[in-house]
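# Summary of the model geometry
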Amino acid sequence: MPAVLLLREREYEVRVGITVRDALLQNDLQPEAVIPTRQGELITDDEIVKEGDRIRLVAVISGGCTSHACTPEHT
Amino acid sequence: MKCRKCGEKAVINMRQHKLALCKAHYLEWVPDQTARFIEAYRMFSVQDRILVAVSGGKDSLSLWHVLQRLGYACDGLYIGLGIDEGTAYSAESQRLSEAFAAQHGLNLTVVDVRELEGATIPEASRLTLRGQGKPCSVCGLTKRHIMNRVARDGGYDVLVTGHNLDDEAAVLFGNTLHWQVGYLMRQGPVLPASSEGFARKAKPFCRFYERETAAYALLQGIEYIYEECPHAAGAKSLYYKEILNRMETDRPGAKLQFYLEFLHAKEAGLFAQPSQPPDGLLHACESCGQPTSAPGQCAFCRTWDAVRARSAIPAVP
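The present account deals with the structure reproduced in this document. (Residues numbered from 1 in each chain as written. Chains lettered and ligands numbered in written order. Predicted model: local features only at pLDDT ≥ 70, side-chain atom pairs only at ≥ 80, totals over all residues. Heavy atoms only, no water.)

## Remarks on the pattern of salt bridges
Residues and elements named next belong to chain B. Counted only if it meets this: The working definition used for a salt bridge is a side-chain nitrogen of Lys or Arg within 4 Å of a carboxyl oxygen of Asp or Glu. Per the convention used, a helix needs a DSSP run of H or I reaching at least four residues, while a strand needs a run of E reaching at least two, with both numbered from the N terminus. When accessible area is computed with a 1.4 Å probe and restricted to protein chains, residues below 20% of their type maximum are described as buried, those above 50% as exposed, and intermediate ones as partly exposed.
What the rule picks out here adds up to 21 salt bridges over all chains. For Glu 92, the salt bridge identified is with Arg 95, shortest N-O distance 2.9 Å. Taken together, the positions of Glu 92 and Arg 95, both in helix α3 (residues 89-104) and three residues apart, correspond to about one turn of that helix. Between Lys 255 and Asp 166 there is a salt bridge, with the nearest N and O atoms lying 2.7 Å from each other. Taken together, the residues Lys 255 in helix α11 (residues 254-267) and Asp 166 in helix α7 (residues 165-177) connect sequence positions 89 residues apart. Accessibility classification places Lys 255 together with Asp 166 in one group, the buried group. One network of salt bridges, with partners in common, ties together Lys 58, Asp 59, Asp 167, Glu 210 and Lys 241.

## Here's the deal with the sheet that holds strand β1 (residues 3-7) of chain A
Worth spelling out the cut-off: Pairing between strands is defined by DSSP: at least two bridges between them are needed. Note on contacts: a residue pair qualifies if any of its non-hydrogen atoms lie within 4.5 Å across the two residues. A fitted line through C-alpha atoms represents every axis, and for helices the fit uses only the stretch in contact; the resulting angles, taken between N-to-C directions, go from 0 to 180 degrees.
One open sheet holds the five strands; their spatial order is β2-β1-β5-β3-β4 (chain A), and the pairing between them is mixed. Here the strands that pair on one side only, and so sit at the sheet edges, are β2 (10-14) and β4 (41-42) of chain A. Relative to strand β3 (residues 34-38) of chain A, helix α9 (residues 210-220) of chain B is tilted by about 35 degrees, and along the sheet it contacts β3, β4 and β5 (54-59) of chain A.

## Concerning the packing of helix α10 (residues 236-250) of chain B against α11(B)
Residues and elements named next belong to chain B. For clarity, the threshold we go by: Oblique is the label for every angle not falling under 35 degrees (roughly parallel), over 145 degrees (roughly antiparallel), or within 65 to 115 degrees (roughly perpendicular). For this classification, Asp, Glu, Lys and Arg are treated as charged, while Ala, Val, Leu, Ile, Met, Phe, Trp, Tyr, Cys and Pro are nonpolar and the rest, including Gly, are polar.
Where α10 contacts α11, the two axes come as close as 7 Å, and the packing angle between them is 115 degrees. The angle between α10 and α11 falls in the class roughly perpendicular. Seen from α10, the contacting residues are Leu 244, Asn 245, Met 247 and Glu 248; seen from α11, they are Ala 254, Lys 255 and Phe 258. Along the lines of polarity and charge, the residues of the contact of α10 with α11 split into four nonpolar, one polar and two charged.

Given below as structure tokens:
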């Protein structure tokens, strides 16, 4: 049974036996931009991907207008 | 990976600090660090009345949570922007902000832009040239104006926002690319109040990485809006964050170093004061009385007057 990373609506099939960090990098996903979770629990990215794993990734980056909501611009 | 403090299984590893922590110790570490930043940058004291700008997102709700845990007297301000085009983004953000306030017994002021000014942010952006159809410019302008007004009228000592280090580093990156010296001079963890009427502003989360504030919200069980603002797609800030995160992946601590070294350089006088300080050019807007550097009306009043004129909405008395 393959292991997968899940990010929003997408699934990434990954190899078993590598670290979560390597699995992210092999799929061009930035480790800094997500928090990996297994069965609802946060895990560190040195965890080894196991057979049948479904590792859900919580996206953490927000942007757009929130980023300059309070830039000290004069109005 | 083990928690450095107790040896239990770690839930987060902060490579820039070479620090891995378990859930219990992480939920202690975040308020401890926040208190340290508040003190280090002399943001405010326990005697101050604090207004927290709340968006329903992970950063602002986590900040509000941490500040009330630390014993600060802090009320919230939610600004309803009317960004609901098929996504119910604003409606859901407001629901989550109100639910958080109710759960923790906190006061939340809700200001609805449509009720106040006659149009939602997306409607306003279609009726003005500002931002050329992209709502972010009108949105930022409107939020800054309302936040300042509520902070000032409510007698708050300081307005705090949930900006994290990724936000700050992205703004810094953009301002550096374009050598926006005026903006660089004013960027920092604290912006003092001005005699002309700008409220004091502070960013107690400015040294936490974005994944750290998200981890706090998740571990604390704070329900926040996960979906991105529908207008954020293609935003420059996201592009800058991606570039900075690529650097961070190769060199842990790159983002933090970029921001902290900037603050040190500013402190050391890298950016010379102009012959006339920017605040010296401010005067009261002839319509609303808020400080502005523009002659006559401020940009907020000009923009919203134009919106009302184009949509035949009655003028605000």
